[in-house]
Amino acid sequence: EKHWDLESEHVLAAWCDLFPSSVDAVIAQTTDIVEFAQNHCLMFSAIKETHVELISSNVAGLSTEAQAARNSNHSPDLPPTEEVTVSQVVGIAYLAMSVFPGETKLGITLLSGWRGIGIGERAAQLAMELAFKQVGCHRVSVSLFATAPRSTMRFFQRLGFIHEGMHRGAVR
């Protein structure tokens, strides 16, 4: 079952953010998110932030105090509230196929307002768990361009990745 659309505004925004620094997408020689996801990835997933909001069908004209009372459900004279789960795509993660057996390549990006709060770390951990436990990989690697921001390099180092070397001139 499909829970998100590859062409949604937030997924495309994350792809536009990721693509210029994705060695895997450049090697695949495609800027098309659908083609990359379907033909070059073992897993391509939206990263979602989900939270619960209280809503009411009739909040117009209620004072701040009345809205507070409605939300605490202390007054039967106020309109009923309803809990609604809201999800928003905040990034993308992928596991790209490798030419080496038993290896996959991890790529991840979050939209700028969602960085630095632990969402990326959790998404990367879930992707690596999938790679090792379900796909059966023995190695997950990350390929970054030398121009990648230092914060990106620190992010992957916090996850346990180490710098193994450079492929100078390998991607043009």
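Quick caveat: nothing in here was measured; it's all calculated off a predicted structure.

*Asks:* Can you lay out helix α1 (residues 9–18) for me, pointing to particular residues and giving the numbers?
*Replies:* Taken as a whole, α1 has its buried residues at V11, A14, W15 and L18. Buried residues in α1, looked at end-on, bunch into an arc of 100 degrees, giving them a common side. Turned more than 90 degrees off the buried face of α1, the exposed positions are E9 and C16.

*Asks:* Go over the packing of aromatic side chains with me, naming the residues and quoting the values.
*Replies:* All told, the structure shown has 7 aromatic pairs when counted by the stated rule. On the basis of an interplanar angle of 35 degrees and a centroid distance of 5.2 Å, the ring pair of W15 and F36 is categorised as tilted. You can see W15 sitting in helix α1 and its partner F36 sitting in helix α3 (residues 33–40), a full 21 residues away along the chain. Neither W15 nor F36 differs from the other in exposure class; each is buried. Each residue in the set W15, F36, F44 and Y94 is aromatic and connected to the rest through ring pairs, giving one cluster.

*Asks:* Tell me about the layout of surface pockets, and name the residues and values.
*Replies:* Of the voids in this model, the largest pocket is the one considered here, and its volume is about 1,200 Å³. In terms of lining, the largest pocket is formed by 40 residues, of which the most central are K105, V142, S143, L144 and H167. For the lining of the largest pocket, the secondary structure elements donating two or more residues are α2 (23–28), α3, β2 (81–97), β3 (103–110), α5 (119–135), β4 (139–141) and α6 (150–158). At 4 residues, the largest contribution of residues to the lining of the largest pocket is made by α2. Its residues assigned to classes, the lining of the largest pocket shows 23 nonpolar, 11 polar and 6 charged. Around the second largest pocket sit 26 residues that line it, and I108, T109, L110, R115 and T152 are the ones nearest its centre. Looking at the lining of the second largest pocket, the elements with two or more residues in it are α1, β3, α5 and α6. When grouped by side-chain class, the residues that make up the lining of the second largest pocket number 13 nonpolar, 9 polar and 4 charged.

*Asks:* So, the pattern of salt bridges: which residues are in play, and what are the values?
*Replies:* Inspection of every chain in the model, using the stated rule, returns 4 salt bridges. Where E103 meets R139, a salt bridge forms, and the shortest distance between an N and an O atom there is 3.4 Å. With E103 in strand β3 and R139 in strand β4, this residue pair connects regions lying 36 residues apart in the sequence. Here R139 falls in the partly exposed class, since its relative accessible area comes to 31%. Here the residues in one salt-bridge network are E103, R139 and E164, joined through shared partners.

*Asks:* Describe the side chain of T109, and please don't skip the residues or the numbers.
*Replies:* Counting through the fold element by element, T109 comes out in strand β3. One polar contact links T109 to D17, side chain to side chain, over a distance of 3.1 Å. Aside from chain neighbours lying at most four places away, what touches T109 is A14, D17, L18, I47, G91, I92 and R115.

The rules behind the values
- Residues numbered from 1 in each chain as written.
- Predicted model: local features only at pLDDT ≥ 70, side-chain atom pairs only at ≥ 80, totals over all residues.
- Heavy atoms only, no water.
- Buried < 20%, exposed > 50% of the residue type's maximum accessible area, 1.4 Å probe, protein only.
- Helix = DSSP H or I, 4+ residues; strand = E, 2+ residues; numbered from the N terminus.
- Arc of directions from axis to C-beta.
- Phe/Tyr/Trp six-rings, centres within 6.5 Å; stacked < 30°, edge-to-face > 60°.
- 1 Å grid on protein atoms, 1.4 Å probe; cavity = no way out; pocket = protein on both sides within 12 Å on 5 of 7 lines; lining within 4 Å.
- Points joined across faces, edges and corners; volume = space filled by probe spheres on them.
- Nonpolar A, V, L, I, M, F, W, Y, C, P; charged D, E, K, R; others polar.
- Salt bridge = Lys/Arg side-chain N within 4 Å of Asp/Glu carboxyl O.
- Polar contact = N/O pair within 3.5 Å; in protein donor to acceptor, adjacent residues only side chain to side chain.
- Contact = heavy atoms within 4.5 Å.

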